[in-house]
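Residues per chain are reported as follows:
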Amino acid sequence: VEGAKQWYQQSAAIFQRTMDILRLVVDGSLNEGVTYGSYTSRAITQFAFLLNRRSKTAEFVQHPWFEKHFDFLKYTILPGYRETVGIADSSPTWFYGPESQLHFLDRFVLNTGEANWLAGRIRENRAKSGRLAQAAAHKWSTL
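Structure report, in brief. (Residues numbered from 1 in each chain as written. Predicted model: local features only at pLDDT ≥ 70, side-chain atom pairs only at ≥ 80, totals over all residues. Heavy atoms only, no water.)

Points about the packing of helix H2 (residues 33–55) against helix H4 (residues 99–110)
At a minimum axis separation of 9 Å, H2 and H4 run at an interaxial angle of 40°. Classified by the interaxial angle, the pair formed by H2 and H4 is oblique. Seen along the crossing, H2 lies across H4 with a hand that is left-handed. Along its contact with H2, which presents Ser38, Ser41, Arg42, Thr45, Ala48, Phe49 and Asn52, the element H4 presents Ser100, Gln101, Phe104 and Phe108. Of the residues in the contact of H2 with H4, the class split is 4 nonpolar, 6 polar and 1 charged. (Axes fitted to C-alpha atoms, helices over the stretch in contact; angles between N-to-C directions. Helix = DSSP H or I, 4+ residues; strand = E, 2+ residues; numbered from the N terminus. Parallel < 35°, antiparallel > 145°, perpendicular 65-115°, else oblique. Left-handed = near helix turned anticlockwise from the far one by under 90°. Contact = heavy atoms within 4.5 Å. Nonpolar A, V, L, I, M, F, W, Y, C, P; charged D, E, K, R; others polar.)

The following block contains the structure:
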């Protein structure tokens, strides 16, 4: 397809700049905290997956931020696997995920099963109704 190679090269270069900035974030966090950061982490993991699949190398997933992002997700979950540490105007849960992010981390970065285990606990305990349930706006706007 005409233009596909150029699109891929530009996308990879922009993604690499993002990851260069994230190299400075040594704890795997995101500037917007847990709730809003789930938007960003989902986009980053999905894009890394696509670039990794296209390039057929691990260059896009071998990054220290990915390794520490699991710790960020793990240590910001409160007991019961339903709520996260929320600061200021944050929601008590994630806007997107973090199951897809955790599956990505386990499959392409960690390979320990721990992230898949955590995703399973979150899925099992996710609220279906009430203040901790996922908002319809987030549920239906997901790709």
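Quick word on the pattern of salt bridges
This model, assessed by the stated rule, comprises 4 salt bridges. The partner of Glu114 in a salt bridge is Lys74, and the shortest N-O contact between them spans 3.3 Å. Of this pair, Glu114 sits in helix H5 (residues 114–125) while Lys74 sits in helix H3 (residues 64–75), placing them 40 residues apart in sequence. For Lys74, a relative accessible area of 24% puts it in the partly exposed group. Between Arg121 and Glu124 there is a salt bridge, with the nearest N and O atoms lying 2.8 Å from each other. One end of the pair is Arg121 and the other is Glu124, both in helix H5 and 3 residues apart, which spans about a single turn. A relative accessible area of 54% means that Glu124 is categorised as exposed. (Salt bridge = Lys/Arg side-chain N within 4 Å of Asp/Glu carboxyl O. Buried < 20%, exposed > 50% of the residue type's maximum accessible area, 1.4 Å probe, protein only.)

Side note on the packing of aromatic side chains
Inspection of the entire model under this criterion finds 8 aromatic pairs. Measuring from ring centre to ring centre gives 5.9 Å for Tyr81 and Trp117, while their planes differ by 85°; the resulting arrangement is edge-to-face. With Tyr81 in the loop between H3 and H4 and Trp117 in helix H5, the pair connects residues that are 36 residues apart, well separated along the chain. By relative accessible area, Trp117 is classed as partly exposed at 44%. (Phe/Tyr/Trp six-rings, centres within 6.5 Å; stacked < 30°, edge-to-face > 60°.)

Here we look at a nonpolar patch on the surface
On the surface, Leu78, Val85 and Ile87 cluster together into a nonpolar patch covering about 250 Å² of accessible area. As for its placement among the helices and strands, Ile87 is situated in the loop between H3 and H4. Exposure remark for Ile87: the relative accessible area of 62% places this residue in the exposed category. (Patch = residues over 30% accessible without salt bridge, like charges linked within 9 Å, V, L, I, M, F, W, Y side chains within 5 Å. Areas by Shrake-Rupley, 256 points an atom, 1.4 Å probe, with all protein chains shown as cover.)

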